[in-house]
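Each chain is listed here by its residues.
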Amino acid sequence: MIAVLAAAAVGLLSAFLPFTPAEPYLIAAVATTSAPSVALGVAAAAGQTAGKVLIFLAARGAIHSSWLQRRLSRRTPAVREPAGRLATMLARPKAAGARLVEVMERPRQATGMLLVSAVTGFPPLLAASVYLGRTPMRSTAFAVTCLLGRTIRFVTIALAPHFAGY
């Protein structure tokens, strides 16, 4: 039981600190405790989903704040630089990022993109949580989709030693 609660706590912590992933803890907990692997995976997913929902809601509130709206409304003069080698190399990734943002603006595609992000980690779930906070996506849809994706990810990781025969 303590291992399951610790998995949830590590999941919550890793939601806010991307440099502290829950996966290594999850693998260590599966290898060293007698707690059910599925319970550990679900607990880590629930903890991380709780953290991502807080980030989503915080981004939603921050986007609507009057201070941030004033900051975003300031215009900076556009300075045109000649296209150099670096600009040419960065053009394709920049275009791909623009297409990703365009997909996330549509509610149905945003839900699918969130699920992919929650399962694979690409695009990073932290960035997706912040970005989706400014879209019309409902917080319940965000929470359910995030929990589903994180559960798939963490239960698969928790069961990996069993699949490998350990």
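Residue positions within a chain follow its written sequence, with the count starting from 1. Where totals are concerned, whole chains, interfaces and linings use all residues; where local detail is concerned, this predicted model gives features only for residues with pLDDT of at least 70, and gives and counts side-chain atom pairs only at 80 or more. Values reported for side chains reflect all heavy atoms of the structure, with hydrogen atoms and water molecules removed beforehand.

Q: Just give me the short version of the packing of helix 2 (residues 23-32) against helix 8 (residues 139-163), but keep the residues and values in it.
A: To define axes, lines are fitted to C-alpha atoms, for helices over the stretch in contact only, and angles between the resulting N-to-C directions are given on a 0 to 180 degree scale. Strands are runs of DSSP state E lasting at least two residues, helices are runs of H or I lasting at least four, and both sets are numbered from the N terminus onward. Axis separation between helix 2 and helix 8 bottoms out at 9 Å; the angle between their running directions is 40°. Of the possible angle classes, the one that applies to helix 2 and helix 8 is oblique. Along this stretch, helix 2 crosses helix 8, giving a crossing that reads as right-handed. Between helix 2 and helix 8, the contacting residues are Glu-23, Leu-26, Ile-27 and Val-30 on the first element and Arg-150, Arg-153, Phe-154, Ile-157, Ala-158, Pro-161 and His-162 on the second. Here the nonpolar group is Ala, Val, Leu, Ile, Met, Phe, Trp, Tyr, Cys and Pro; Asp, Glu, Lys and Arg are the charged ones; every other residue, Gly included, is treated as polar. A per-class count over the contact of helix 2 with helix 8 returns seven nonpolar, one polar and three charged. Working rule for angles: under 35 degrees goes down as roughly parallel, over 145 as roughly antiparallel, 65 to 115 as roughly perpendicular, anything else as oblique. Whether a crossing is left-handed or right-handed is set by the direction in which the near helix is turned from the far one by less than a right angle, anticlockwise for left-handed and clockwise for right-handed. Contacts were defined at the residue level, with two residues in contact if any of their heavy atoms lie within 4.5 Å.

Q: Report on the side chain of Gln-48, specifying residues and quantitative values.
A: Of note, Gln-48 is situated in helix 3 (residues 37-63). A residue is classified by how much of its surface remains accessible, and Gln-48, at 4% relative accessible area, is buried. Aside from chain neighbours lying at most four places away, what touches Gln-48 is Gly-11, Leu-12, Ser-14, Ala-15, Arg-150 and Phe-154. Residue exposure (1.4 Å probe, protein chains only): buried if accessible area is under 20% of the type maximum, exposed if over 50%, otherwise partly exposed.

Q: Give a description of the side chain of Thr-49 that names residues and reports values.
A: Relative to the helices and strands, Thr-49 is located in helix 3. Its relative accessible area of 7% is what places Thr-49 among the buried residues. Setting aside anything within four residues of it in sequence, one finds Thr-49 in contact with Ala-143, Cys-146, Leu-147 and Arg-150.

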